[in-house]
Amino acid sequence: MKKISSASVWLVVFVLVIFAAVTFKDADKKDTTLSVDKFQEQWIKKDIKSVQVREDKTITGELTDGTQYETIVPLSRLMQVMDEHPNDKVTETYIKPASMPMWLQIVPTLLIVLMLVAFWFMYMQQSQGGGGGGNRGVMNFGKSRAKIATLDKKKVTFDDVAGEDEEKDELAEVVDFLKQPKRYLDAGARIPKGILLVGPPGTGKTLLARAVSGEAGVPFYSISGSDFVEMFVGVGASRVRDLFEQAKKSAPCIIFIDEIDAVGRQRGAGVGGGHDEREQTLNQLLVEMDGFGVNEGIIMIAATNRPDILDPALLRPGRFDRHILVGAPDVKGREEILKVHSKNKQLADEVKLDVLAKRTPGFTGADLENLMNEAALLTVRKNKQIIEMVELDEAVTRVIAGPEKKSRVISEKDRKLTAYHEAGHAVVMKYSPLSDPIHQISIIPRGMAGGYTMHLPEEDTSYTSKLKLKDEMVGLLGGRVAEKLIMKDISTGAKNDIDRASAIARKMVMEYGMSDELGPISFGNDHNEVFLGRDLGKSRNFSEQVAFQIDSEVKDLIDEAYAKAEKILAENISKLHAVAQELLLKEKLEGAEFEAIIARTESSEIELS
Ligand code: ADP
Ligand code: MG
Ligand code: ZN
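Residues numbered from 1 in each chain as written. Chains lettered and ligands numbered in written order. Predicted model: local features only at pLDDT ≥ 70, side-chain atom pairs only at ≥ 80, totals over all residues. Heavy atoms only, no water.

A. Expanded view of the overall build of the chain. Helix and strand counts for the chain come out as 21 helices and 14 strands. Residues counted as buried form 42% of the 609 residues belonging to the chain. Restricting to contacts in the chain with at least 6 residues of sequence separation, those with at least 24 account for 74%. Only carbon and sulfur atoms are counted for the fraction: they give 57% of the accessible area of the chain, which is about 32,900 Å². (Helix = DSSP H or I, 4+ residues; strand = E, 2+ residues; numbered from the N terminus. Buried < 20%, exposed > 50% of the residue type's maximum accessible area, 1.4 Å probe, protein only. Contact = heavy atoms within 4.5 Å. Areas by Shrake-Rupley, 256 points an atom, 1.4 Å probe, with all protein chains shown as cover.)

Shown next, in the form of structure tokens:
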């Protein structure tokens, strides 16, 4: 073993020398090679600044834009072109080169061959090395890419993670164990080896894992699932081995596998099936997890937003058996996260973070961080030092819908269409009793959308009801109905609304059991079909007959909602006009302004009648 490794050091030195030599040789490489026709064309265009002809008849030179070229034009042809299209600005040089010794000419080829041999040798040695010793050559194919964030790096603590008290409580025990393992060993307690953080993207899973290591003051090895999946067969598995080897040496420590679903997907599910690279990696991971003892001081934390597709073997006792759900924060949590991210920013006194928290239901920690950052950027752009509510408001909308595009040119007809479309949503929502209040309407295009109507719930809710869902569909279809009513034609602008309304209707029938006809049964397990391979072709657990019924129920729901939207708009057509006209003038209406228009129109109608 010893001998081989010193040999490999020499090999490395050799490879480096070769590298240097090859790089050096490349120094006079030309930027471009011109074909015969191309050369002629460039010449006629007077794009050629200089021509150098060597004795071996290679022709090189410079173009007027500075590019070094090389051409394969035969000398006779070159002369002909030059004569036919004289250009006296060109400098011509004829070089008689010192002839290269024969042995020097073959050096590059020789070096490349040697390099390939060296490369192959190292790779072989590496992959046979198995779980063996540490020094495995410098090529480091299989070395885990785990980054060690040790203590001197910027330390993340639980204080940096806001509003996740339950999650932190659960992890506190782990921190305590890492700090004083003896207490637990003496008490004969078994600490979970693996903890799985489950939650949508941006909710702070990575942050939490870092905070655990920061709190406990232990090394943190982090690696992403996708890092394991490499193009060389066997590399993923050897990476896993190395990762654990490293970790065992520095226990107590934390191994964090981000996005574990990339490796941990159910076996036998891959397209093409069978023993693919990912499966080997996963197997190795399972082996290693079983390989270290219970209280060895290594805690594995993994994060995923797709726990449903993980291989069950990963979730068995002794592996990732403790699951912690990391959800989107509630109002209180949002306020605390906003506090964390405004620590290093100057906020005006008028800024109330609790109000802002109320306005951002559904935002994750990452969204809120983004929001504070956008607000700070806007403030700088306005040459101000202190962030005020205006910037925060604008930032909210930016995060929701992407930046405003004031410059996009919109035809008058499109503007009118958008105005009526959005006014249609707003008026219909206003008169659907269970719809949330209107927060803002705009016809300024944002992102992909031509405009938007934002209605926000007054509080966070975990459940929704059948009647509320129905009203939501009515509101969504309001845009399309208004287009039809006013413009006598319908547009593609309602695509998103229609998608969403159809999705609601389908879910009501198939998942929530809200159809009278079909009753409280759930149909199909649609969330699997995204992953080819698993349950492919099995995703329907009902008959043709029922499929037909589902479709007709969905259609009935949509038809009902459409009819209701039509009725509301027909009864309130003057309000539709009033809101649309105001939108065309102001482009953006706040909730209060909208209510004022409705109230004004209502009272003038009473006077008329
Ligand atoms: P995930 O790993 O769940 O996708 P991250 O941990 O990468 O999410 O979170 C992204 C960023 O969002 C973090 O760097 C942090 O700035 C912010 N963030 C998320 N959750 C929180 C939280 N609870 N408190 C403070 N900041 C948070
Ligand atoms: Mg993450
Ligand atoms: Zn719409």
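Now that the structure has been shown, the text picks up again.
B. Focus on helix H9 (residues 235-249). The terminal C-alpha atoms of H9, which comprises 15 residues, lie 21 Å apart, in line with the 21 Å expected from a rise of 1.5 Å per residue. When we look at burial in H9, the residues that qualify are Val235, Gly236, Ala237, Ser238, Arg239, Val240, Asp242, Leu243, Phe244 and Ala247. (Expected span 1.5 Å × (residues − 1).)

C. Just the site of ligand 1, in detail. Close contacts around ligand 1 come from 16 residues, with Ala162, Gly202, Lys205, Thr206 and His341 the closest. Ala162 is positioned such that a nitrogen or oxygen atom in its backbone is 2.9 Å from a nitrogen atom of ligand 1. Side-chain polar atom of Lys205 to an oxygen atom of ligand 1: 2.8 Å apart, as the coordinates give it. Against a free-state accessible area of 560 Å², the protein chains account for coverage of 80% of ligand 1. Mapped onto the shell around ligand 1, the elements with two or more residues apiece are helix H7 (205-216), helix H12 (331-342) and helix H14 (365-381). Broken down by class, the residue content of the shell around ligand 1 amounts to six nonpolar, six polar and four charged. The residue makeup of the shell around ligand 1 includes at least three contributed by each of domain 2 (147-325) and domain 3 (331-401). (Near = heavy atom within 4 Å. Polar contact = N/O pair within 3.5 Å; in protein donor to acceptor, adjacent residues only side chain to side chain. Nonpolar A, V, L, I, M, F, W, Y, C, P; charged D, E, K, R; others polar. Domains from an automatic or database assignment.)

D. Seen up close, the environment of Leu576. When you line up the elements, Leu576 lands in helix H20 (residues 573-586). Residues Leu576 and Val428, 148 residues apart in the sequence, show an inter-C-alpha distance of 9.0 Å. If near-sequence neighbours (up to four positions away) are discounted, Leu576 is found in contact with Tyr420, Ala423, Gly424, Val427, Ala482, Leu485, Ile486 and Leu569.

E. Quick look at the nonpolar core. Counting residues in hydrophobic clusters, the biggest one holds 49 residues, and the most contacted among them are Ile441, Met473, Ile550 and Val579. Elements supplying a minimum of two residues to this core: helix H16 (412-430), strand E12 (438-442), helix H17 (466-487), helix H18 (495-510), helix H19 (544-571), H20 and helix H21 (591-608). When residues in this core are grouped by element, the largest group, 10 residues, is from H19. Beyond its immediate chain neighbours, meaning those up to four positions away, Met473 contacts Ala501, Ile504, Ala505, Met508, Leu557, Ile558 and Ala561. The next biggest cluster of nonpolar side chains, apart from the first, holds 26 residues, and it includes Val175, Leu208, Ile299 and Ile301. (Core = buried A, V, L, I, M, F, W, Y, C linked by side-chain atoms within 4.5 Å.)

F. Layout of the sheet that holds E12. The three strands are arranged E13-E12-E14 in an open sheet whose pairing can be described as antiparallel. Since the sheet does not close on itself, it has two edges, and those belong to strand E13 (452-455) and strand E14 (588-590), each with one partner. Sheet twist, expressed as the mean angle between neighbouring strand axes with direction ignored, is 10 degrees. The sheet contact formed by E12 and E13 spans four bridges and is antiparallel. Residue pairing across strands places Ile441 opposite Thr453, the latter belonging to E13. Along the sheet, H16 makes contact with E12 and E13, crossing E13 at roughly 25 degrees. Its contacts with the sheet place H20 against E12 and E14, and it is angled at close to 115 degrees to E14. (Pairing = 2+ DSSP bridges. Axes fitted to C-alpha atoms, helices over the stretch in contact; angles between N-to-C directions.)

G. Region of interest: the coordination of the zinc ion (ligand 3). Within the protein, the zinc ion (ligand 3) binds to His421 (NE2), His425 (NE2) and Asp497 (OD); these donor distances fall in the range 2.0 to 2.1 Å. Taken in chain order, the donor set of the zinc ion (ligand 3) reads H-x3-H-x71-D. Taken as a pair, His421 in helix H16 and Asp497 in helix H18 lie far apart in primary sequence, 76 residues in all. Residue class for His421 comes out buried when judged on its relative accessible area of 5%. In this structure Asp497 comes out as buried when scored by relative accessible area, which is 9%. (Donors = N, O, S within 2.8 Å, 3.2 Å for Na, K, Ca; no water.)

H. Structural detail: the packing of H17 against H18. Running from N to C, H17 and H18 cross one another at 160 degrees; their axes reach a closest spacing of 9 Å. Between H17 and H18, the interaxial angle falls into the category roughly antiparallel. As for the relative orientation of H17 and H18, their crossing is left-handed in sense. Here Lys466, Leu469, Lys470, Glu472, Met473, Leu476, Leu477 and Arg480 of H17 come into contact with H18, specifically with Asp497, Ile498, Arg500, Ala501, Ile504, Ala505 and Met508. Taken together, the residues that form the contact of H17 with H18 break down as nine nonpolar, no polar and six charged. (Parallel < 35°, antiparallel > 145°, perpendicular 65-115°, else oblique. Left-handed = near helix turned anticlockwise from the far one by under 90°.)

I. How the structure looks around the side chain of Glu164. Topologically, Glu164 is positioned in the loop between strand E6 (147-149) and helix H5 (165-179). The buried charged residue Glu164 lacks any salt bridge partner; its closest oppositely charged side chain belongs to Lys168, at an N-O distance of 7.3 Å. Sequence-distant contacts of Glu164, that is, excluding residues within four places in its chain, are made with Thr203, Gly204, Leu208, Val326 and Gly327. (Lys, Arg positive; Asp, Glu negative; His and termini not counted. Salt bridge = Lys/Arg side-chain N within 4 Å of Asp/Glu carboxyl O.)

J. View of the pairing of strand E4 (residues 68-71). Here E4 shows a clear split, with Tyr69 and Thr71 buried on one side and none of Gln68 and Glu70 buried on the other. Of the strand pairs in this sheet, strand E1 (residues 32-34) and E4 are connected by three bridges, and their pairing is parallel. Paired with Thr33 across the two strands is Glu70, which belongs to E4. Bridging between strand E3 (residues 59-63) and E4 involves four bridges; their strand directions are antiparallel. Paired with Gly61 across the strands is Tyr69, a residue of E4. Taking the residues that link successive antiparallel strands as the turn, the E3-E4 hairpin has four residues, and the phi of Gly66 there is positive, at about 95 degrees.

K. Region of interest: the UniProt feature "active site" (unreviewed entry) in the chain. Under the UniProt annotation, "active site" (unreviewed entry) lies at Glu422. Relative to the elements of secondary structure, Glu422 occurs in helix H16. With a relative accessible area of 5%, Glu422 lands in the buried category. The contacts of Glu422, once residues within four sequence positions are left out, are Ile441, Ser442, Ile443, Gly451, Tyr452, Thr453 and Leu583. (UniProt positions renumbered as here; feature names shortened; annotations may be inferred.)

L. Geometry of the environment of Lys567. The topology assignment puts Lys567 in helix H19. Residue Lys567 is classed as exposed on the basis of its relative accessible area of 54%. C-alpha of Lys567 to C-alpha of Val428: the two residues are 139 residues apart in sequence and 9.3 Å apart in space.

M. Structural detail: unusual backbone geometry. Backbone geometry at Asn383 places phi at a positive 60 degrees, although glycine is not the residue there. Its identity is not glycine, yet Lys488 carries a phi of approximately 60 degrees, on the positive side. Within the fold, Lys488 resides in the loop between H17 and H18. A relative accessible area of 67% means that Lys488 is categorised as exposed.

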